Amino acid sequence: MEATITTSLDLKGLSCPIPIVRTARAMKELAPGQLIEVFATDPGSVPDFAAWSRSTGNPLVESGEQAGVFRFVLRKKGVMR
Amino acid sequence: MSTTTLERPDAAAAPKPEQAEKLVIFAWSGDLDRVWPALILATTGAAMGKETTVLFTFWGLFPLVRDEVRITGENWMQKMLSMMNRGGTDHLKLSRMNFAGAGSAMMKHLAREHHLASPHELLDLAREMGVRLVPCQMTMDLLGLGREDLIEGLDQPAGATTALAEAQGAITLFI
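Calculation rules
Residues numbered from 1 in each chain as written. Chains lettered and ligands numbered in written order. Predicted model: local features only at pLDDT ≥ 70, side-chain atom pairs only at ≥ 80, totals over all residues. Helix = DSSP H or I, 4+ residues; strand = E, 2+ residues; numbered from the N terminus. Buried ≥ 20, exposed ≤ 12 C-beta atoms within 10 Å, placed from the backbone. Contact = placed C-beta atoms within 7 Å. Rg over C-alpha atoms; globule rule 2.2 N^0.38 Å. Axes fitted to C-alpha atoms, helices over the stretch in contact; angles between N-to-C directions. Parallel < 35°, antiparallel > 145°, perpendicular 65-115°, else oblique. Left-handed = near helix turned anticlockwise from the far one by under 90°. Nonpolar A, V, L, I, M, F, W, Y, C, P; charged D, E, K, R; others polar. Pairing = 2+ DSSP bridges. Expected span 1.5 Å × (residues − 1). Arc of directions from axis to C-beta.

Engineer: Break down the overall build of chain B for me, citing the residues and quoting the values.
Structural biologist: When helices and strands are tallied, chain B shows six helices and five strands. Each helix and strand of chain B, ordered N terminal to C terminal, gives the series β-β-α-β-α-α-α-β-α-α-β. Looking at chain B as a whole, 34% of its 175 residues qualify as buried. Looking at chain B alone, contacts between residues at least 24 apart form 71% of all its contacts between residues at least 6 apart.

Set out below in structure tokens:
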């Protein structure tokens, strides 16, 4: 079963560390397996979201860019119920 | 458009290398260009799920003074010190190129343009995120700073032993 995106965050224009901080907070509200989508414009967020994912164990399932806007999709870790 | 699928969803289930679960920052400086990164790292540590503690000591205590408090200290030396080094996150100065405050003002202007959270906002965020903010008791006594001079939401003032005990097995930074 393909999970759909539960939460979408618009963090365009914000600088480090706010995109990560806001994402981490929003992630707390999700159930394991749920997906969150984040839009950001800080180029540092590309390595930072990858590092946050590696460090916290929440998989980064997608990382892309369109017209200067980065889009990340993260999955909340843990077993889906 | 470029999109990359990065990993299998179960890749995170694989054992990870040993990671420090705690972050301890010794905030020694009261300079804008040190307090700022210290608070950025503290909030990021909390966002990464690390149990984060910041111990404020020496000049690092002054940013914790309430912005509206002008003079602190009990004797003339402590009062003089607070006159020359006003506390509060709104009154921080750059360590270099301050130019009697013009440099700091320009830096804050640039930061606003780049939508960078201010030290004040980061300090609020740190408290909301459960970062432990611990003022050093000895420095408070030395500089004549009372609990009433400092902002709300701080941990109980403590000493070097608490700081080092907390730092065991943690990532430690002295800023």
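The structure having been displayed, the exposition proceeds.
Engineer: Lay out the overall build of chain A with the relevant residues and their values.
Structural biologist: On a plain count of helices and strands, chain A comes out with two helices and four strands. Going from the N terminus to the C terminus, chain A shows its helices and strands as β-α-β-α-β-β. Here chain A has a C-alpha radius of gyration of 12 Å; the compact-globule value for 81 residues is 12 Å, and the two agree. When the 81 residues of chain A are sorted by exposure, 37% land in the buried category. Restricting to contacts in chain A with at least 6 residues of sequence separation, those with at least 24 account for 60%.

Engineer: Give a description of the packing of helix 1 (residues 32–47) of chain B against helix 4 (residues 119–128) of chain B that names residues and reports values.
Structural biologist: All names here are of chain B. Across the interface, helix 1 lies against helix 4 with an axial gap of 9 Å and an inter-helix angle of 30°. As far as their axial angle goes, helix 4 and helix 1 are roughly parallel. As for how helix 1 packs across helix 4, the hand of that crossing is left-handed. Residues Val 35, Trp 36, Leu 39, Ile 40, Ala 42, Thr 43 and Ala 46 of helix 1 form the contact with helix 4, whose own contacting residues are Pro 119, Leu 122, Leu 123, Leu 125 and Ala 126. Classifying every residue of the contact of helix 1 with helix 4 by side-chain character gives 11 nonpolar, one polar and no charged.

Engineer: Explain the sheet that holds strand 4 (residues 132–135) of chain B to me, and be specific about the residues and the numbers.
Structural biologist: Residues and elements named next belong to chain B. Ordered by their spatial adjacency, four strands build an open sheet running 4-3-2-5, and the pairing between neighbours is parallel. For this open sheet the edge positions go to strand 4 and strand 5 (171–174), each flanked by a neighbour on one side alone. Ignoring which end each strand starts from, the neighbouring axes of this sheet average 15° apart. Relative to strand 5, strand 2 (residues 22–27) runs parallel, the two being bridged by four bridges. In the strand pairing of strand 5, Phe 26 is matched with Phe 174. Packing of helix 6 (residues 160–167) onto the sheet brings it into contact with strand 2, strand 3 (51–56), strand 4 and strand 5, and relative to strand 2 it is tilted by some 145°.

Engineer: Break down the packing of helix 1 (residues 18–28) of chain A against helix 1 of chain B for me, citing the residues and quoting the values.
Structural biologist: Running from N to C, helix 1 of chain A and helix 1 of chain B point in directions that differ by 30°, and their axes come no closer than 9 Å. In this view, helix 1 of chain A runs roughly parallel relative to helix 1 of chain B, as classed from their interaxial angle. Where helix 1 of chain A crosses over helix 1 of chain B, the handedness of that crossing is left-handed. Every residue of helix 1 of chain B that contacts helix 1 of chain A at A:Ile20, A:Val21 and A:Ala24 is listed here: B:Thr43, B:Thr44 and B:Ala47. Per-class residue counts for the contact of helix 1 of chain A with helix 1 of chain B are four nonpolar, two polar and no charged.

Engineer: An account of helix 2 (residues 45–56) of chain A is requested, with residue identities and associated values reported.
Structural biologist: The α-helix advances 3.6 residues per turn, and as a result positions three or four apart in sequence lie on the same side. All names here are of chain A. Taking 1.5 Å per residue as the helical rise, helix 2 with its 12 residues ought to reach 16 Å, and the 16 Å between its terminal C-alpha atoms agrees with that figure. The set of residues buried in helix 2 consists of Ser 45, Phe 49, Trp 52, Ser 53 and Thr 56. Take helix 2 and look down its axis: the buried residues cluster within an arc of 100°, on one side only. Those residues of helix 2 that are buried lie in contact with helix 1, strand 2 (35–40), strand 3 (60–66) and strand 4 (69–75). Phi turns positive one or two residues past the end of helix 2, at Gly 57, with a value near 85°.

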